[in-house]
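Residue strings, one per chain:
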Amino acid sequence: MPRLLREINDRAALELLLATGPMTRGQIGDLTGLSKVTASQTLARLEERGLVEVVGEQAGGRGPNAALYSVIPSSAYVAGLEVGPELISTAIADIHGHTIAEVTVEPDDDDPVSVVHGAIVKACRSAKVSIAKLRGVVIGTPGVVDPRSGDVRFSFDLPGWHEGIHEALAGDLRREVTIENDVNLAAIAERADGAAQGLDDFVLLWSSRGLGMAVMLGGKLHRGRSGSAGEIGYLPVPGVPLPEDIRTLPGRLPSLAGGLQSLVSAEAVAELARSYGFAAESAGECVRVAVAAGAQGEPLLDEIANRLALGVAAVCVILDPGLVVLAGEVGHAGGAALTSRVEEAVARICPVRPQIVTTTVTDKNPVLRGAVLAALERAREELLVP
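Reading the values: rules and limits
- Residues numbered from 1 in each chain as written.
- Predicted model: local features only at pLDDT ≥ 70, side-chain atom pairs only at ≥ 80, totals over all residues.
- Heavy atoms only, no water.
- pLDDT = per-residue confidence, 0-100.
- Contact = heavy atoms within 4.5 Å.
- Salt bridge = Lys/Arg side-chain N within 4 Å of Asp/Glu carboxyl O.
- Helix = DSSP H or I, 4+ residues; strand = E, 2+ residues; numbered from the N terminus.
- Buried < 20%, exposed > 50% of the residue type's maximum accessible area, 1.4 Å probe, protein only.
- Pairing = 2+ DSSP bridges.
- Patch = residues over 30% accessible without salt bridge, like charges linked within 9 Å, V, L, I, M, F, W, Y side chains within 5 Å.
- Areas by Shrake-Rupley, 256 points an atom, 1.4 Å probe, with all protein chains shown as cover.
- Lys, Arg positive; Asp, Glu negative; His and termini not counted.
- Charge placed at Lys NZ, Arg CZ, Asp CG, Glu CD.

**Section: the confidence of the model for the protein chain**
Residues at a pLDDT of 70 or more form 94% of the protein chain, whose mean pLDDT is 89. Scored below 50 in pLDDT, residues 245-256 shows 25 contacts in the model against residues more than four places distant or in partner chains.

So this is what it looks like as structure tokens:
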């Protein structure tokens, strides 16, 4: 059998096992179109490479039970990270995507390379996994990530993440590293496990400390030429000052002193909530209290919805995504009471009426989950290379 054909068969069987779980030789043959002999040879090669193993038996008809094959969980591991100004969360998962360790640390150094290295080492120790076994590392950060260099081009929260950090991280960890915008990673988690499960086209609006948006088109993230697609906080809004303070370092973006960000960031929502008599420790908690208050909280929810609708409408008349997912601290807290109001507000000012829903990702940290999923995709591709 030619080598290329063997590689194609191995890839098909391995992809099937990763996607569906344990299967018999006959099931693999039926779903891949391989003969029983070829399926047996394929599984034998994968066993020799330490990628699959027999995990049980399946009772059949009159003949003997059939062996069930599965990808060995320890054949590869991945690391997903969410980096913020105050905390770094790291998750280690096996090739099936099962998280086996998750740790959160406070950065004790201004050097991103040192901070990331320490976080991964601590997580690997907790998981009892050698760093050498990591086949994928994806780091989620706020701000703009240059799709060409892989560096964080701009982030208010992470001034130490500058040009050259991507290459330095890869050199330090001795493996390929991917840095991705945190909201984009939340969208990956939403498409895999949440309200946008299986959809190729949708946008995710993230309203927390900052405001961000991820755009999924044709099943792929749309980042734009410079990586700035989705920086909706800069959207000019009538009656709101523009972010005109450009007295920053060369190549830096202007501050978010104006635009949509000034209306629906967590700070803006908390301030608005106080003016309506709803004071709490966070913007999300303010919104939860307003939802629980029933009729008393409706005026606040109406105002938040009207503000969010300005951004949603602008996106919908350009992209017409069909589905908009509200996520982040404010979006998650508002639930159906907020999404229904946003949908109605958008319909009043826009000819497009998308379906607007609340995130249904149950993981406590969707950015971290998205980082793990993105790392898994890269690791599985590497695993499939003979």
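Text resumes after the structure shown.
**Thoughts on the pattern of salt bridges**
As enumerated under the stated definition, the model contains 13 salt bridges in all. One salt bridge connects Glu382 with Arg135, and the closest N-O pair in it is separated by 3.6 Å. Taken together, the positions of Glu382 in helix α12 (residues 366-383) and Arg135 in strand β7 (residues 134-141) put the pair 247 residues apart, joining distant regions of the chain. With a closest N to O distance of 3.8 Å, Glu285 and Arg288 form a salt bridge. Highlighted residues: Glu285 and Arg288, both in helix α9 (residues 283-292), separated by three residues, approximately one helical turn.

**Here we look at the pairing of strand β11 (residues 202-207)**
Judged by how many residues are buried, β11 sits mostly within the fold: six of six residues are covered. Neither face of β11 is left uncovered, since the one carrying Phe202, Leu204 and Trp206 and the one carrying Val203, Leu205 and Ser207 both have all their residues buried. The pairing of β11 with strand β12 (residues 211-217) spans six bridges and is antiparallel. Note on β12: the bridge partner recorded for Val203 is Val215. Between β11 and the antiparallel strand that follows it, β12, lie three residues. Here β11 pairs with strand β14 (residues 323-327) via four bridges, running parallel.

**Focus on a negative patch on the surface**
Taken together, the side chains of Asp108, Asp109, Asp110, Asp111 and Asp172 define an acidic patch exposed on the protein surface. Mapping Asp172 onto the fold places it in helix α5 (residues 165-173).

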